[in-house]
There are 2 protein chains.
Amino acid sequence: MNLLKETIDAIEGQNETVRAQAKERLDQLIMPHWALGRLMDLALDMAGICGSVRPSVERKTIVVMAGDHGITDAGVSLFPKKITVEMVRGFVNGVAGINVLARQAGADVKVVDMGVAGDLSALAAGGNILDRKIAAGTDNFAEGPAMDRDQAVRALEAGISVAQELADSTDLFGTGDRGIGNTSPSSAIVATLCQMPVAEVVGRGTGLDNAQLEYKIKILEKALALNNPDPSDPIDVLSKVGGFEIAGIAGLVLGAAALKKPIVIDGFISTAGALLTGRLAPKSREYMIAAHRSVEKGQVAALADLKKEPLLDLQFRLGVGTGAAVAMNLVEGAVGILTEMATFSEAAVSEAK
Amino acid sequence: MNLLKETIDAIEGQNETVRAQAKERLDQLIMPHWALGRLMDLALDMAGICGSVRPSVERKTIVVMAGDHGITDAGVSLFPKKITVEMVRGFVNGVAGINVLARQAGADVKVVDMGVAGDLSALAAGGNILDRKIAAGTDNFAEGPAMDRDQAVRALEAGISVAQELADSTDLFGTGDRGIGNTSPSSAIVATLCQMPVAEVVGRGTGLDNAQLEYKIKILEKALALNNPDPSDPIDVLSKVGGFEIAGIAGLVLGAAALKKPIVIDGFISTAGALLTGRLAPKSREYMIAAHRSVEKGQVAALADLKKEPLLDLQFRLGVGTGAAVAMNLVEGAVGILTEMATFSEAAVSEAK
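Since the model is a prediction, treat every value here as computed from it, not as a measurement.

Chemist: Could you give an account of helix α2 (residues 16-27) of chain A, naming the residues involved and the relevant values?
Modeler: Residue and element names in this part refer to chain A. Relative to the 16 Å expected for 12 residues at 1.5 Å per residue, α2 spans 16 Å between its end C-alpha atoms, a close match to the ideal helical length. For α2, the complete set of buried residues consists of Val 18, Ala 22 and Leu 26. On an axial view of α2, the arc spanned by its buried residues comes to 75°, and they lie on one face. Along α2, exposed side chains directed more than 90 degrees from the buried face belong to Glu 16, Thr 17 and Glu 24. Elements that come into contact with the buried residues of α2 comprise α3 (37-50) and α13 (322-340). Where α2 starts, the residue carrying a side-chain oxygen 3.1 Å from the main-chain nitrogen of Thr 17 turns out to be Asn 15.

Chemist: So what's going on with the pairing of strand β1 (residues 60-67) of chain B? Residues and values would help.
Modeler: In summary, the side chains of a regular strand alternate between the two faces of the sheet. All names here are of chain B. Buried residues dominate β1, accounting for eight of its eight residues. Burial along β1 is two-sided: Lys 60, Ile 62, Val 64 and Ala 66 and Thr 61, Val 63, Met 65 and Gly 67, pointing in opposite directions, are all buried. Sheet topology places β1 next to strand β2 (residues 107-115); eight bridges connect them, and they run parallel. Each bridged residue has a counterpart across the sheet, and for Val 63 the counterpart in β2 is Lys 110.

Chemist: Explain the interface of chain A and chain B to me, using residue names and the numbers behind them.
Modeler: Contacts between chain A and chain B engage 54 residues on the former and 54 residues on the latter. Here chain A and chain B share an interface that buries about 4,500 Å² over both sides, 66% of which is from carbon and sulfur atoms. Area buried by chain A at its contact with chain B is led by A:Pro32, A:Gln104 and A:Leu314, which between them contribute 11% of it. The tally of links from chain A across to chain B stands at two salt bridges. Across the salt bridge formed by B:Arg103 and A:Glu340, the nearest N and O atoms sit 2.8 Å from each other. Our count for the contact surface shared by chain A and chain B stands at 14 residue pairs in polar contact (both at pLDDT 80 or more). Breaking the side of chain A that touches chain B down by element, the ones donating at least two residues are α3, α4 (83-93), α5 (97-105), α13 and α14 (344-347) of chain A. Tallying contributions element by element places α13(A) first for the side of chain A that touches chain B, with nine residues. When its residues are assigned to classes, the side of chain A that touches chain B shows 31 nonpolar, 12 polar and 11 charged.

Chemist: Before we move on, can you summarise the relation of the copies chain A and chain B with the specific residues and values?
Modeler: Here the second copy of the chain follows from the first by a rotation about an axis and a shift along it. It takes a turn of 180° to lay chain A on chain B, together with a shift of 0.0 Å along the axis; the resulting RMSD is 0.0 Å. Taken together, the rotation and translation relating the two chain copies correspond to the operation of a two-fold axis. When C-alpha distances to the rotation axis are compared across chain A, the minimum falls at A:Leu312, with a value of 3.2 Å. Residue by residue, 100% of the interface of chain A is reproduced at the interface of chain B, so both copies engage with the same surface.

Chemist: Requested: an account of unusual backbone geometry, with residues and values cited.
Modeler: All names here are of chain A. Not every positive phi belongs to a glycine, and Gln 195 is a case in point at roughly 50°. Structurally, Gln 195 can be placed in the loop between α7 (183-193) and α8 (210-227). The exposure class assigned to Gln 195 is exposed, which follows from its relative accessible area of 64%. In the Ramachandran plot, Lys 307 falls in the positive-phi region, its phi being about 60° despite a non-glycine side chain. Mapped onto the fold, Lys 307 is located in the loop between α12 (298-306) and α13. Given the relative accessible area of 70%, Lys 307 is considered exposed.

Chemist: Describe the domain arrangement of chain A, and please don't skip the residues or the numbers.
Modeler: When the parts come together, some accessible area is lost, and that loss is often what is quoted as the size of the interface. All names here are of chain A. For chain A, the domain assignment lists domain 1 (3-55 + 338-347) and domain 2 (60-330). Each of domain 1 and domain 2 has a C-alpha centre, and the two are 28 Å apart. The three residues of domain 1 that bury the most area against domain 2 are Leu 4, Ile 11 and Ile 49, which together make up 33% of that side's buried surface. The tally of links from domain 1 across to domain 2 stands at one salt bridge. When the shortest N-O distance is used, the salt bridge between Glu 12 and Lys 260 registers 2.8 Å. Run the count over domain 1 and domain 2 and you get eight residue pairs in polar contact (both at pLDDT 80 or more).

Chemist: Account for empty space enclosed by the protein, naming residues and giving values.
Modeler: Tallied over the entire structure, the rule returns six cavities of 30 Å³ or more. The space that makes up the largest cavity amounts to roughly 370 Å³. If you trace the largest cavity, you find 31 residues lining it, with A:Arg178, A:Asn182, A:Thr183, A:Thr206 and A:Arg317 closest to the centre. Of all the secondary structure elements, the ones that give two or more residues to the lining of the largest cavity are α4, β4 (172-178), α7 and α11 (268-280) of chain A. Its residues assigned to classes, the lining of the largest cavity shows 12 nonpolar, 12 polar and seven charged. Taken as a whole, the second largest cavity spans an internal volume of roughly 300 Å³. Broken down by secondary-structure element, the contributors of at least two residues to the lining of the second largest cavity are β4 (172-178), α7 (183-193) and α11 (268-280) of chain B. Each residue belonging to the lining of the second largest cavity can be placed in one class, and the counts come to nine nonpolar, 12 polar and six charged.

Chemist: Outline the sheet that holds strand β6 (residues 288-290) of chain B, supporting the account with residue identities and numerical values.
Modeler: All names here are of chain B. Strand order in the open sheet formed by six strands is β3-β2-β1-β4-β5-β6, with parallel pairing between adjacent strands. The open sheet has two edge strands with one neighbour each: β3 (129-131) and β6. Strand after strand, the sheet turns through a mean of 30° between neighbouring axes, direction not considered.

Chemist: Got a sec to walk through the environment of B:Phe268? Specific residues and values, please.
Modeler: Residues and elements named next belong to chain B. Its place among the elements puts Phe 268 in helix α11. Note: C-alpha distance between Phe 268 and Leu 318 (50 residues apart in sequence) is 9.3 Å. Leaving out residues up to four positions away in the same chain, Phe 268 has contacts with Thr 183, Ser 186, Ser 187, Val 190, Val 201, Ser 294, Glu 296, Gly 298 and Gln 299.

Chemist: How would you sum up the side chain of B:Thr277? Please name residues and give values.
Modeler: For B:Thr277, the location among the structural elements is in helix α11. Each residue touching B:Thr277, except ones within four places of it in the same chain, is listed here: B:Ala250, B:Val253, B:Leu254, B:Ser284 and B:Met288.

Chemist: Residues and numbers for the pairing of strand β2 (residues 107-115) of chain A, please.
Modeler: Residues and elements named next belong to chain A. Counting buried positions over the nine residues of β2 gives eight, a clear majority of the element. Bridge analysis of β2 against strand β3 (residues 129-131) gives three bridges, and the strand direction is parallel. Across the sheet, the residue bridging to Val 112 is Leu 130, located in β3.

Chemist: Which residues make up helix α6 (residues 149-167) of chain B, and what are the values?
Modeler: Its 19 residues give α6(B) an end-to-end C-alpha distance of 27 Å, which sits within 8% of 27 Å, the value for a rise of 1.5 Å per residue. Of all 19 residues that make up α6(B), 14 are buried, and the element is covered over most of its length.

Chemist: Help me get a handle on the environment of A:Pro80, residues and values and all.
Modeler: Within the element layout of this structure, A:Pro80 appears in the loop between β1 (60-67) and α4. As for A:Pro80 and A:Val237, which are separated by 157 residues in sequence, their C-alpha atoms are 25 Å apart.

Chemist: Talk me through the sheet that holds β1(A); I want residue IDs and the actual numbers.
Modeler: Residues and elements named next belong to chain A. With parallel pairing, the six strands of this open sheet are ordered in space as β3-β2-β1-β4-β5-β6. The strands lining the two open edges of the sheet, one partner per strand, are β3 and β6 (288-290). In this sheet, neighbouring strand axes are inclined to one another by 30° on average, regardless of whether the strands run parallel or antiparallel. Across the face of the sheet, helix α10 (residues 244-258) comes into contact with β1, β2, β4, β5 (263-265) and β6 while running at roughly 170° to β4. Sitting on the sheet, α13 touches β1, β2, β4, β5 and β6, and the angle it makes with β4 is about 170°.

Definitions and cut-offs
- Residues numbered from 1 in each chain as written.
- Chains lettered and ligands numbered in written order.
- Predicted model: local features only at pLDDT ≥ 70, side-chain atom pairs only at ≥ 80, totals over all residues.
- Heavy atoms only, no water.
- Helix = DSSP H or I, 4+ residues; strand = E, 2+ residues; numbered from the N terminus.
- Expected span 1.5 Å × (residues − 1).
- Buried < 20%, exposed > 50% of the residue type's maximum accessible area, 1.4 Å probe, protein only.
- Arc of directions from axis to C-beta.
- Contact = heavy atoms within 4.5 Å.
- Polar contact = N/O pair within 3.5 Å; in protein donor to acceptor, adjacent residues only side chain to side chain.
- Pairing = 2+ DSSP bridges.
- Buried area = accessible area lost by both parts, 1.4 Å probe.
- Salt bridge = Lys/Arg side-chain N within 4 Å of Asp/Glu carboxyl O.
- Nonpolar A, V, L, I, M, F, W, Y, C, P; charged D, E, K, R; others polar.
- Least-squares fit on C-alpha atoms with pLDDT ≥ 70 in both.
- Domains from an automatic or database assignment.
- 1 Å grid on protein atoms, 1.4 Å probe; cavity = no way out; pocket = protein on both sides within 12 Å on 5 of 7 lines; lining within 4 Å.
- Points joined across faces, edges and corners; volume = space filled by probe spheres on them.
- Axes fitted to C-alpha atoms, helices over the stretch in contact; angles between N-to-C directions.

Okay, structure coming up:
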């Protein structure tokens, strides 16, 4: 618990002095005022987060937290659990969507085994899989808690340790997730923390039809009634209805915020993780950049709670950090606006009348 | 008129056979079906446009069409006309927003002098300015036509010639504009072609207040009543209330479509140009990729007319190709999904039950 508490205590808000300096420069760039809109807001955030008017975005790392879920035994997902391992193989072989989009964005991909229900050691040889396995998948939270409280804390701390391990070689983090069935714990977390009916935060995951969706809602309603997670205690929520990779994401964001590193939050699963982080350490929100609006409707409530407006809406419903990868291009562009554009006086251009 | 007519006649729709081949592959990629949403739609378009399931996006060129506008004499813009030359200097020196965002996207920037009211020859030494000057700015269309019909045709053909000149070194085009006051002709074009009231398509440009906006609307209403452009004749509309750089954009899009090159359409001014293109050659729309939703509300009507949904909404109101540059990252990502991801059978991954 020491690492978790120390990390939470270490999180302060953005550097307001540097943020003001960046604002002053952005106000004077050679264009109509604030004409690059949201990229300029993002540039301000980057300056405030990094404490520099010349933040670097050279080294980008997308951390894909992977874990399995006992709740898949209740039949909430179309895909078999073994897909998680197969997908990790895809990441390691560089042929998955996240690899393509990370390459385009110039980002590295690191996979973290937070709790995959299979053996990844054969895939770990390339050095792109970090082993932080808490257990081989969570328990089925339709029948009891997903994990015990100690596991939840250890999973959060594992996420923090990943941030610490990668921070020296990372200017910009991105989150990602992989775990068959993980829209179910994410929905349960959002429903609990935002105190919303399950039906309002549950989506079709990888493609459920209406009957399957109804079934998923019923299972989650029963699971929440059974576990009765305490909305004022994020760790209780995580342990009862969460997942190891979601804890890993929450921890990664805590770690990044404590180290004053910007972190791009991917889709629904990542936003559920970030929601936990925001509850554990409200100031951590100042380090989060919301990548994209997911097709999963539960993300809307979580984003509203975090007071974040996503940068992109491309109708993604894949997760794995794919939205974060695409958004990293925008972060890079935003920093370029702050650091490479000239001001009116530098360029000797006439201003508005 | 020969080049214009030949180009229009040469424009055919996308290659449907290749598009279907791309669809077949995209349907089988290792992820839930179509889980990368709009990037997959875009990948389909790229295959259909380029006639290849392995389209290249290596070489990207943003063409910034520049021109001045007599209507600025009527006081519709906050900035003085001389800014156009100063801005072009910014582009050539690499310190403008478009330079930053084009660099981020790996795109070259070419400026075309379509009708700047100043001398750009001193800036042309670096080879990044193409001279296609029709005249030193349009006439004030609040008092008569902006240009004569012959100039309009020559300006369209100049745009086509730019596409032809750059096509050998360009896989993906982007449009851009520069010209103080050019939201006024763009609004007039959209109002005429979409048969909408001026007030519904006029925005604040570089930052007009309410009184200035009212004045701009009044000027444009009078100008349209005076010139009475024929909505069934795009060249009449262009000559009476258009601009040289808008004609250049329209011609560039025509040229790109005839050469089967994809072209990313920037914000409001570019969309007004593309609207002219779409009216001159409806199939040209199949080669257009709408980059972003501009703050200028007239773009909404033009996009609806072109049946295009923009990829991004970042509250940009700068033009110059900045939105196109950012969107080029998405096009590159889309092509990567088509060409670099594995299918279920290639990766030996289990499919949905």
